[in-house]
Amino acid sequence: TERVYEFIQPQLAAVCGGEEGKRKTSPLFQDMQGLCPLLVSFSSHEVCADDCRALVAKAQQAGCEAEASERPFLCHAFQAFAAFMPEGAEEELRICEWIKRRGPAWGA
């Protein structure tokens with residue numbers, strides 16, 4: 001929720017040594033050229049959704065193969081609940097298929 005985000009953001013800055021340190025640790029502010037293919041899986045209703053969309057867009061602008069898998073009305077890290085949530089299980093299968101399409105080097 002927005003309240004969690006508002007609580008976490010100052011904590012992140014403190015852990016990273018200030019706002020500048022937070023920028024240095026975020027992939028949104030790093031060079032993405034030459035990055036491996038990315039699948040960013042997230043819920044459109046989680047607080048990080050805008051950052052996830054921005055990450056995919058930035059990677060694509062850098063020439064990276066990047067894909068968003070966005071699902072509505074789910075919690076952050078819903079994929080971790082695949083054993084309990086049908087949506088998590090479906091996304092887990094989607095992620096595995098995405099990896100398999102990349103060839104045998106990714107399946108090892």
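What you are looking at is a predicted structure, and each value in this text was computed from that prediction instead of being measured.

**Some remarks on the environment of Phe29**
Phase 1 of the analysis: With respect to the helices and strands, Phe29 occurs in the loop between α2 (19–25) and β1 (38–43).
Phase 2 of the analysis: Accessibility expressed as a relative area gives 42% for Phe29, which makes it partly exposed.
Phase 3 of the analysis: Between the C-alpha atom of Phe29 and that of Leu55, which follows or precedes it by 26 residues, the distance is 9.3 Å.
Phase 4 of the analysis: Among all residues touching Phe29, those that are not within four sequence positions of it are Arg23 and Lys58.

**Let's talk about a nonpolar patch on the surface**
Phase 1 of the analysis: A cluster of nonpolar side chains, contributed by Val4, Phe7, Ile8 and Leu12, occupies part of the molecular surface with about 340 Å² of accessible area.
Phase 2 of the analysis: With respect to the element layout, Phe7 can be found in helix α1 (residues 2–16).
Phase 3 of the analysis: By relative accessible area, which is 53% here, Phe7 ends up exposed.

**Focus on unusual backbone geometry**
Most peptide bonds take the trans configuration, and most residues that are not glycine carry a negative phi.
Phase 1 of the analysis: For Phe73, which is not a glycine, the phi torsion comes out positive at approximately 60°.
Phase 2 of the analysis: In this fold, Phe73 is placed in the loop between β2 (66–71) and α4 (86–100).
Phase 3 of the analysis: Backbone geometry at Ala77 places phi at a positive 65°, although glycine is not the residue there.

**What to know about α4**
Every α-helix winds through 3.6 residues per turn, so residues three or four apart in the chain are directed the same way.
Phase 1 of the analysis: If you check α4, its first and last C-alpha atoms are 21 Å apart, about what 15 residues at 1.5 Å a residue would give, namely 21 Å.
Phase 2 of the analysis: Along α4, the positions that sit buried rather than exposed are Gly88, Glu91 and Trp98. Axial view of α4: buried residues confined to an arc of 80°, hence all on one face. Exposed residues lying more than 90 degrees from the buried face of α4 are Pro86, Leu93 and Lys100.

**Remarks on the packing of aromatic side chains**
To describe a pair of aromatic rings, you give the distance between the ring centres and the angle between the ring planes.
Phase 1 of the analysis: Going through the model one piece at a time under the given rule, you end up with zero aromatic pairs.
Phase 2 of the analysis: Residue placement shows Arg23 over the ring face of Phe29; its charged tip is 3.8 Å from the ring centre.
Phase 3 of the analysis: Residue placement shows Arg102 over the ring face of Trp98; its charged tip is 3.9 Å from the ring centre.

**Some words on the pairing of β1**
Phase 1 of the analysis: Taken across its six residues, β1 has six buried, putting it largely inside the fold.
Phase 2 of the analysis: Burial along β1 is two-sided: Leu38, Val40 and Phe42 and Leu39, Ser41 and Ser43, pointing in opposite directions, are all buried.
Phase 3 of the analysis: As defined by bridge partners, β1 adjoins β2 across six bridges and the pair is classed as parallel. By the bridge assignment for β2, Ser41 is matched with Ser69.

**Focus on the pattern of salt bridges**
Phase 1 of the analysis: Inspection of every chain in the model, using the stated rule, returns eight salt bridges.
Phase 2 of the analysis: Its salt-bridge partner being Lys22, residue Glu19 comes within 3.4 Å of it at the nearest N-O pair. With a gap of three residues between them, Glu19 and Lys22 both fall in helix α2, about one helical turn apart.
Phase 3 of the analysis: Taking relative accessible area as the criterion, Glu19 reaches 48% and is therefore assigned partly exposed.
Phase 4 of the analysis: For the salt bridge of Glu70 with Arg53, the shortest nitrogen-to-oxygen distance reads 2.6 Å. Separated by 17 residues along the polypeptide, Glu70 in strand β2 and Arg53 in helix α3 (residues 49–61) bring together distant segments of the chain.
Phase 5 of the analysis: Bridged by salt links that share partners, the residues Asp50, Arg53 and Glu70 form one connected network.

Scoring rules and cut-offs
- Residues numbered from 1 in each chain as written.
- Predicted model: local features only at pLDDT ≥ 70, side-chain atom pairs only at ≥ 80, totals over all residues.
- Heavy atoms only, no water.
- Helix = DSSP H or I, 4+ residues; strand = E, 2+ residues; numbered from the N terminus.
- Buried < 20%, exposed > 50% of the residue type's maximum accessible area, 1.4 Å probe, protein only.
- Contact = heavy atoms within 4.5 Å.
- Patch = residues over 30% accessible without salt bridge, like charges linked within 9 Å, V, L, I, M, F, W, Y side chains within 5 Å.
- Areas by Shrake-Rupley, 256 points an atom, 1.4 Å probe, with all protein chains shown as cover.
- Salt bridge = Lys/Arg side-chain N within 4 Å of Asp/Glu carboxyl O.
- Expected span 1.5 Å × (residues − 1).
- Arc of directions from axis to C-beta.
- Phe/Tyr/Trp six-rings, centres within 6.5 Å; stacked < 30°, edge-to-face > 60°.
- Lys NZ or Arg CZ within 6 Å of the ring centre and 35° of its normal.
- Pairing = 2+ DSSP bridges.

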